[in-house]
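Residue strings, one per chain:
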Amino acid sequence: MTPLPRTPSFRLDAKTALVTGASSGIGLACAAALAEAGAQVTMLARGAGRLESAAAAIRATGGHVTPQALDVTDITALRALIAARGPFDVLVNAAGLARHSPALETREEDFDAVASVNIKAAYFAAQAVAQGLIAAGKPGSLIQISSQMGHVGGVDRAVYCASKHALEGMTKAMAMEWGSHGIRVNTLCPTFILTPLTQSTFDNAERRAWIESKIKLGRVGEVEDIMGAVVYLASDASALVTGTALKVDGGWTAG
Ligand code: NAD
């Protein structure tokens, strides 16, 4: 009989994962998906209340999760947490924020707020997780939740686009440096997904029409659209995938 290749496993049993921004939206969906695939997930977000409630919901489905309240812009605390709880086999960096304005009117404090979460915290979270993996001699998968806006521009989104393009660049450079350690680094790039972050955009009828006209599949995204993609990137199913972007954009960036 012909020897058949076997599909690498999408399971994450015995793996540990850290998900930032895990109390809401895409981060919560990622935490739920990784837990469902068998990972032990540390869920990190700022507010303890929403986080505890999110963790309880995942536990009720049989998932193994540990909530941890922490502001990712406190880089010292972030490093200490990762050193104490790691090494993490998987990082999903979903903490992020948006402060949209026309580029001519961008305020410096908005630029700094977006950069500190979307770029700086993402950078040092990846660095700290990679340091832990390398010290332990373990491979790993680091996933940055970027955006289609890491690949194209968007009206009133110069700061947000700058932050997501930065994420794409750091991901490629980190993938080059850490590949020899078996550490993969990729971005996951959603289109507009209905979450608390985008609610105000969707409440604007003109903006919603613009979004729906750009998504070739003709509908806006839901957090469920991200869940298979994050399990793929976290698992052995994507063992040769690094330094790249997985777009879940309904065809937005296709043209
Ligand atoms: P959300 O507002 O629902 O969730 C954001 C999460 O980040 C929350 O859990 C919040 O507590 C956490 N967070 C923010 N600042 C933090 C900080 N300083 N410390 C710790 N946690 C912090 O937003 P979302 O839509 O789920 O967005 C998650 C990620 O996905 C972001 O990086 C966003 O840029 C990206 N994204 C979202 C969309 C979309 O349409 N919703 C599209 C593309 C990319």
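### Re the packing of helix H4 (residues 108-136) against helix H5 (residues 158-178)
Helix-helix packing is described using two parameters, namely the angle between the two axes and the distance between the axes.
No. 1: One way to put it is that H4 packs onto H5 with a least axis distance of 9 Å and a crossing angle of 15 degrees. With respect to their mutual orientation, H4 and H5 come out roughly parallel. Judged by the sense of rotation from one axis to the other, the crossing of H4 with H5 is right-handed. Note on element contacts: H5 touches H4 through Val 159, Tyr 160, Ser 163, Lys 164, Ala 166, Leu 167, Met 170, Met 174 and Trp 178, opposite Asp 110, Phe 111, Val 114, Asn 118, Ile 119, Ala 122, Tyr 123, Ala 126, Gln 127, Ala 130 and Ile 134.
No. 2: Grouping the amino acids of the contact of H4 with H5 by side-chain chemistry returns 15 nonpolar, 3 polar and 2 charged.

### Here we look at the site of the ligand
No. 1: Around the ligand sit 30 residues, and of these Ser 24, Ile 26, Tyr 160, Ile 193 and Thr 195 come closest.
No. 2: Within the side chain of Ser 23, a nitrogen or oxygen atom sits 2.9 Å from an oxygen atom of the ligand.
No. 3: Contact distances for the ligand include 2.8 Å between a nitrogen atom and a side-chain N or O atom of Asp 71.
No. 4: Considering the ligand on its own, with 820 Å² of exposed area, one finds that the protein chains cover 95% of that surface.

### As for the state of the cysteines
No. 1: Evaluation of the coordinates by the stated rule reveals 0 disulfides.
No. 2: In this model Cys 161 remains outside any disulfide bridge; the closest cysteine sulfur is found in Cys 189, 12 Å from its own.
No. 3: What makes Cys 189 buried here is its relative accessible area of 0%.

### Quick notes on the nonpolar core
No. 1: In terms of nonpolar packing, the biggest core is built from 36 residues, with Leu 34, Val 41, Met 43, Val 92, Ile 143, Leu 188 and Val 230 touching the most fellow members.
No. 2: Secondary-structure elements contributing two or more residues to this core are strand S1 (16-20), helix H1 (25-36), strand S2 (40-45), helix H2 (48-59), strand S4 (90-93), strand S5 (140-145) and helix H8 (224-234).
No. 3: Per-element tally for this core: the top contributor is H1, with 7 residues.
No. 4: Look past the residues within four positions of Val 41 in its chain and what remains in contact with it is Ala 17, Val 19, Ala 31, Leu 34, Ala 35, His 64, Val 65 and Thr 66.
No. 5: Listed in part, the 31 residues of the second largest apolar core include Val 72, Ile 82, Leu 91 and Leu 133.

### So, H4
No. 1: For H4, built from 29 residues, the straight-helix expectation of 42 Å at 1.5 Å per residue is met to within 8% by its first-to-last C-alpha distance of 40 Å.
No. 2: Along its length, H4 shows its largest kink, about 40 degrees, at Ser 116.
No. 3: Where H4 terminates, the next one or two residues include Gly 137, which has phi positive at roughly 65 degrees.

### Section: the side chain of Glu 168
No. 1: Residue position: Glu 168 is located in helix H5.
No. 2: Although Glu 168 is buried, it forms no salt bridge, and the closest oppositely charged side chain is Lys 172 at an N-O distance of 5.2 Å.
No. 3: Excluding residues within four positions of it along the chain, Glu 168 makes contact with Ser 146, Ser 147, Gly 150, His 151, Thr 187, Cys 189 and Ala 245.

### Observations concerning the layout of surface pockets
No. 1: Reported here for the largest pocket is a volume of approximately 910 Å³.
No. 2: If you go around the largest pocket, you meet 41 residues; those closest to its centre are Ala 94, Ala 95, Gly 96, Leu 97 and Leu 197.
No. 3: Within the residue set of the lining of the largest pocket, elements represented by two or more residues are H1, S2, H5 and helix H6 (199-203).
No. 4: By residue number, the principal contributor to the lining of the largest pocket is H1, which donates 3 residues.
No. 5: Among the residues forming the lining of the largest pocket, the class breakdown is 18 nonpolar, 17 polar and 6 charged.

### Considering the packing of aromatic side chains
No. 1: All chains considered together, the criterion is met by 6 aromatic pairs.
No. 2: Centroid distance Phe 192 to Phe 202: 6.3 Å. Interplanar angle 75 degrees. Geometry classified as edge-to-face. Here the residue Phe 192 occupies a position in the loop between strand S6 (183-190) and H6, and Phe 202 occupies one in helix H6, the gap between them amounting to 10 residues.
No. 3: Overall, the relative accessible area of 6% leaves Phe 192 in the buried class.
No. 4: In this structure Phe 202 comes out as buried when scored by relative accessible area, which is 5%.
No. 5: Each ring, one from Phe 192 and one from Trp 252, has its centre 5.5 Å from the other, and the planes form 40 degrees; the classification is tilted. Placement of Phe 192 in the loop between S6 and H6 and of Trp 252 in the segment after strand S7 (245-248) is noted, with a sequence separation of 60 residues between them. When sorted by exposure, Phe 192 lands in the same class as Trp 252, which is buried.
No. 6: An aromatic cluster is built from Phe 192, Phe 202, Trp 210 and Trp 252, whose rings are joined through pairwise contacts.

What counts, and at which threshold
- Residues numbered from 1 in each chain as written.
- Predicted model: local features only at pLDDT ≥ 70, side-chain atom pairs only at ≥ 80, totals over all residues.
- Heavy atoms only, no water.
- Axes fitted to C-alpha atoms, helices over the stretch in contact; angles between N-to-C directions.
- Helix = DSSP H or I, 4+ residues; strand = E, 2+ residues; numbered from the N terminus.
- Parallel < 35°, antiparallel > 145°, perpendicular 65-115°, else oblique.
- Left-handed = near helix turned anticlockwise from the far one by under 90°.
- Contact = heavy atoms within 4.5 Å.
- Nonpolar A, V, L, I, M, F, W, Y, C, P; charged D, E, K, R; others polar.
- Near = heavy atom within 4 Å.
- Polar contact = N/O pair within 3.5 Å; in protein donor to acceptor, adjacent residues only side chain to side chain.
- Areas by Shrake-Rupley, 256 points an atom, 1.4 Å probe, with all protein chains shown as cover.
- Disulfide = S-S within 2.5 Å.
- Buried < 20%, exposed > 50% of the residue type's maximum accessible area, 1.4 Å probe, protein only.
- Core = buried A, V, L, I, M, F, W, Y, C linked by side-chain atoms within 4.5 Å.
- Expected span 1.5 Å × (residues − 1).
- Bend = angle between axes of the 7 residues up to and from the residue.
- Lys, Arg positive; Asp, Glu negative; His and termini not counted.
- Salt bridge = Lys/Arg side-chain N within 4 Å of Asp/Glu carboxyl O.
- 1 Å grid on protein atoms, 1.4 Å probe; cavity = no way out; pocket = protein on both sides within 12 Å on 5 of 7 lines; lining within 4 Å.
- Points joined across faces, edges and corners; volume = space filled by probe spheres on them.
- Phe/Tyr/Trp six-rings, centres within 6.5 Å; stacked < 30°, edge-to-face > 60°.

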